Structure formats: C-alpha cells, structure tokens
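Per-entry structural report
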Amino acid sequence: GAGKDPNVLLLTEVEDIYYNMAENVVIPKAHKKSYVKRLKTKIQSIPPDQKGVPLTDDSDGEGGDDTMGSRGSYAAAVVGIGASLKAVDMVVTGKCVNTFCAIRPPGHHAGLELRPMNAVSNGFCLFNAAACAAIYATTPLSQGGLGLRRVCVIDFDVHHGNGTQDILCSTYDPRYLYVSIHAGGAHINGFEDEGSEDESFRHLLGGRNTEGIFPGRCGDSSPHKGVLNIPVGRQVTASAMGSALVSQVTPRVEEFSPDLIILSAGFDAHENDPLGMGGLSAADFGHVTEVACQMAYKTCSGRILSVLEGGYGVPCCRPRNDLFLPPSEDRLLDLGEDLPSNMGDEVHYTLRQKLDKCHEEGFLEC
C-alpha cells in the first residue's frame, strides 16, 4: 500500500542537503577518515562498465569477496545514509510517526574502520546508516544535529551488528543503548587461543571453521550497560525472539528511556531465507515491529524508524511480467502464505528503471 494510501507516503528521492550532510558531516563522525578515503579511492578506480568488484579486500588481501559493488556503490551508500538522516528529521520534527528506509547496501557490519571487532569481512556493508542516524539525532543543535539526549538501536538482523556496536558503544556512552538479538553464542562460535597473555582470540571463520557464525565472538556477551547482546543459538526462532523481547529488551529499553528508537531491520531470519539461520515468518516480523512500536509509544511518543539491513532472495511482491525480478525461476522462493495472492503493489516506471539498473549491476544477485 505504500504510495497508494495518502497516509503511507513512498519517497524515492533524497535531497542534496541530506546527501551533502551525510558525506561531509555525519559519515566522518561514524567512520575513520582512512576507511572512507580507502573505500572511495577503491570505488573510483573501478571502470564504469565493471561490476561485482570486491570493495573491502584491500587491507590484508582477505575477507573482501562478500562485499562487492560497482562504480556507483559509493554514491548509493551515501544516499542510503542521507535517507536515514531525512527519516530522523521527519520523525523527530513530527512530520510522521515512523519511517522505513528501504536502502542498499546494508550497514550494520560497517564500523569505525575495516572489518570491525575482528570480523573476517565487512559483510556486504559500506557505511552504517543506523549508527549515522543515531549520531545525527544526538548531535547538539548548535552543531547541526537534533539535540536528542538518548537513542536506542534495536537490531534484529540474524547477525550481530558489530559495526554499530563498534561506532556507538566501543566504550560506554550514556547517549546510546545498542540491543541485538541474533544467531550465535559462545557454544557455537569457534576460536583459537593464540597463547597471548591478554587472552586474545582469533575468530575462526571464512573456511577455517564452518561452525562459527559471522561476525563472531563480539556478539556473544555485553561489554557494558550500554550494550545488550542476546545470542539465541544456531537459529533465530519465534519463541526465542519473543522471549528476548519480553523478558530482556523491553525492560532495558524502558529503563533507558530513549528519545528515539532506531530499528536495524534485517530480515535474514526469515524461515525461507537462503542463509537458513532463521525460523521467522512475515507475521513474526510484524510482531517484532509491533513490540518495538509499543516501546516507542511508552518511552518517546512513538518516535521510531527502521533501516533495512540483511535479507536475501525474498521477493518484495508477487512476480509479474513487468516486474524487475530476474526471469530465472530458481532464484525465486516459494513463500507460501507469506506472499498472499492479492499482494501486487504497482512498481512505478521510473522506480522499475532504477531497479533494473541495480539488477544489471549485480546488486540483486548477491
């Protein structure tokens, strides 16, 4: 119904003011200058007609094959940040109660610098929209921000958001509460003791240990009261998600009393997602959002926004002849009742052109 219902607006553009603010003001606060420069230089060196180029493997020559893109990836990532800043403005200033940012590439594995918290890769992520939105919201009015005191980020992607934790909560900061419900746990992730006196460990993934779950040990515990990490085992189930939300997340969020809630909304815990680490249905994701909205109504006048994170291979609507989805039937998943027969949102011609271009450049095949 987005774009048809006058109460559910569909915005497909980001004004220059938000693009410039994202690139010149907010991204430099979230990511180190060396990381941004390296990424931008790498992308600018890609020939215009080349796609599927590893973007983040230029540090140690490892762990970059899952984060690919093209000449347009830098601009796409900055536009995604700009969209999240615009969403914060709209929610905080009362133009709308809530927003959903359908942006790509995702961001919650992108940290202060490349491969944060000892992850083996950047996990498809370039810039961190959720963290940038939180930083913008809490930046003082005198510095161009919105001056909020406290922002809570709730991450329900199937993976731990190591980048978001790295940016906002590497040390305790009373402005931020980061909450993550994800697959993992100390009994699952594999580690190798390097024998160092400070008990440093190396995460074993990327072929070294197939039992571990990306991004590794960083989500198995909570380092301080500004972080609530809840690993729920090898698979995220509806019962585990519901129990965590009711017994742990809601009390902590209400105690924190945020001025704004940001959802890092990853849908790779869907039961039909090709990663196979989730057991949630569309209705379950709806319940997660309803619970989060209730927290927002109770603590911050309902102010909440969602930023798209993971989720792979699930079509957004029923395939039709004029839709942008690739023709190969083996790429389309049978969602059963999760894709009702009457779900056939119109895709505007200009938006379809953009989506076709994304498909040509490889973004819809990752």
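Note that this is a predicted model, so its numbers are computed, not measured.

Concerning the environment of Gly72
By the element assignment, Gly72 lies in the loop between strand E2 (68–69) and helix H3 (73–92). Residue class for Gly72 comes out partly exposed when judged on its relative accessible area of 33%. Considering only alpha carbons, one finds Gly72 and Ile43, 29 residues apart in sequence, at a separation of 7.8 Å.

Considering the pattern of salt bridges
Tallied over the entire structure, the rule returns six salt bridges. In this structure, Arg175 and Asp173 form a salt bridge, with 2.8 Å as the shortest nitrogen-oxygen distance.

Remarks on the pairing of strand E4 (residues 151–155)
Summarising burial for E4: five of the five residues are buried, a large majority. Here E4 shows two buried faces, one formed by Val151, Val153 and Asp155 and the other by Cys152 and Ile154. Bridging between E4 and strand E5 (residues 176–182) involves five bridges; their strand directions are parallel. Within E5, the position partnered with Val153 by the bridge is Tyr178.

Let's talk about the nonpolar core
Judged by nonpolar contacts, the single largest core of 53 residues is most densely connected at Val88, Phe127, Leu168, Leu260 and Ile262. Filtering out sequence-adjacent residues up to four positions away, Phe127 remains in contact with Ile27, His31, Tyr35, Val36, Leu39, Tyr74, Ala77, Val78, Ile81, Pro106, Gly107 and Ala110. One finds Leu228, Val249, Val288 and Ala292 within the second-largest nonpolar core, a separate group that totals 33 residues.

Quick word on the pairing of strand E8 (residues 227–231)
Within E8, four of the five residues are buried, leaving the element largely enclosed by the surrounding structure. With five bridges joining them, E5 and E8 adopt parallel strand pairing. Bridge pairing in E8 places Val179 opposite Leu228.

Structural notes on the environment of Gly52
Take Gly52: it is sitting in the loop between helix H2 (33–44) and strand E1 (53–54). With a relative accessible area of 38%, Gly52 lands in the partly exposed category. In this structure, the C-alpha to C-alpha distance between Gly52 and Thr67, residues 15 residues apart in sequence, is 8.7 Å.

Focus on the side chain of Ser264
Considering the arrangement of structural elements, one finds Ser264 in strand E9 (residues 260–265). For Ser264, a relative accessible area of 0% translates into the label buried. Setting aside residues up to four positions removed in sequence, Ser264 forms contacts with His108, Ala130, Val153, Ile154, Asp155, Phe156, Asp157, Val307 and Glu309.

Some points on the packing of aromatic side chains
Here a ring pair, both rings aromatic, is described through the centre-centre distance and the interplanar angle of the planes. One pass over the structure, following the stated rule, counts five aromatic pairs. Measuring from centroid to centroid gives 6.1 Å for Phe156 and Phe285, while their planes differ by 40°, and the two rings are tilted. Here Phe285 lies in helix H7 (residues 282–300) and Phe156 lies in the loop between E4 and helix H5 (162–169), a separation of 129 residues in the sequence. Comparing Phe156 with Phe285, the two get one shared label, buried.

Points about the sheet that holds E9
Strand pairing in a sheet relies on backbone hydrogen bonds. The paired strands run either parallel or antiparallel. Strands sit in the order E3-E10-E9-E4-E5-E8 across an open sheet of six strands; the sheet is parallel. At either margin of the open sheet sits one strand with a lone partner, and together these are strand E3 (98–101) and E8. Across the sheet, the mean angle from the axis of one strand to that of its neighbour is 10°, orientation sign disregarded. Across the sheet, H3 lies against E3, E9 and strand E10 (304–308), angled at about 175° from E3, the strand it touches most. Running over the sheet, H7 touches E4, E9 and E10 and is turned about 165° from E9.

Some points on H2
Given a rise of 1.5 Å per residue, 12 residues ought to cover 16 Å, and the 16 Å separating the end C-alpha atoms of H2 matches this to within 8%. Among the residues of H2, those classed as buried are Tyr35, Val36, Leu39 and Ile43. Viewed end-on, H2 has its buried residues packed into an arc of 95°, placing them on one side of the element. Opposite the buried face of H2, by more than 90 degrees, sit the exposed residues Lys33 and Lys37. Elements that come into contact with the buried residues of H2 comprise helix H1 (16–30) and H3.

Cut-offs and rules
- Every chain's residues receive numbers from 1 upward, in the order its sequence appears when written.
- Given that the model is predicted, a residue must reach a pLDDT of at least 70 before its local features are reported, and side-chain atom pairs must reach 80 or more before they are shown or counted; all residues, however, enter totals for whole chains, interfaces and linings.
- Note that the side-chain values use all heavy atoms of the structure and ignore hydrogens as well as water.
- Every helix listed is a DSSP run of H or I at least four residues long, and every strand listed is a run of E at least two residues long, numbered separately from the N terminus.
- When accessible area is computed with a 1.4 Å probe and restricted to protein chains, residues below 20% of their type maximum are described as buried, those above 50% as exposed, and intermediate ones as partly exposed.
- By convention in these notes, a salt bridge is any Lys or Arg side-chain nitrogen within 4 Å of a carboxyl oxygen on Asp or Glu.
- DSSP calls a pair of strands paired once it identifies at least 2 bridges connecting them.
- Joining through side-chain atoms within 4.5 Å is the link that ties buried Ala, Val, Leu, Ile, Met, Phe, Trp, Tyr and Cys residues into a set, and such a set is a nonpolar core.
- In this analysis, two residues are considered to be in contact whenever any of their non-hydrogen atoms come within 4.5 Å of each other.
- Two rings from Phe, Tyr or Trp (for Trp, the six-membered ring) form a pair when their centres are within 6.5 Å of each other. A pair whose planes differ by under 30 degrees is stacked, one over 60 is edge-to-face, and the rest are tilted.
- Axes here refer to lines fitted to C-alpha atoms; in helices the fit is confined to the stretch in contact. Angles between the N-to-C directions go from 0 to 180 degrees.
- By definition here, a helix of n residues has an expected span of 1.5 Å times n minus one.
- The directions from the helix axis to the C-beta atoms form the arc being described.

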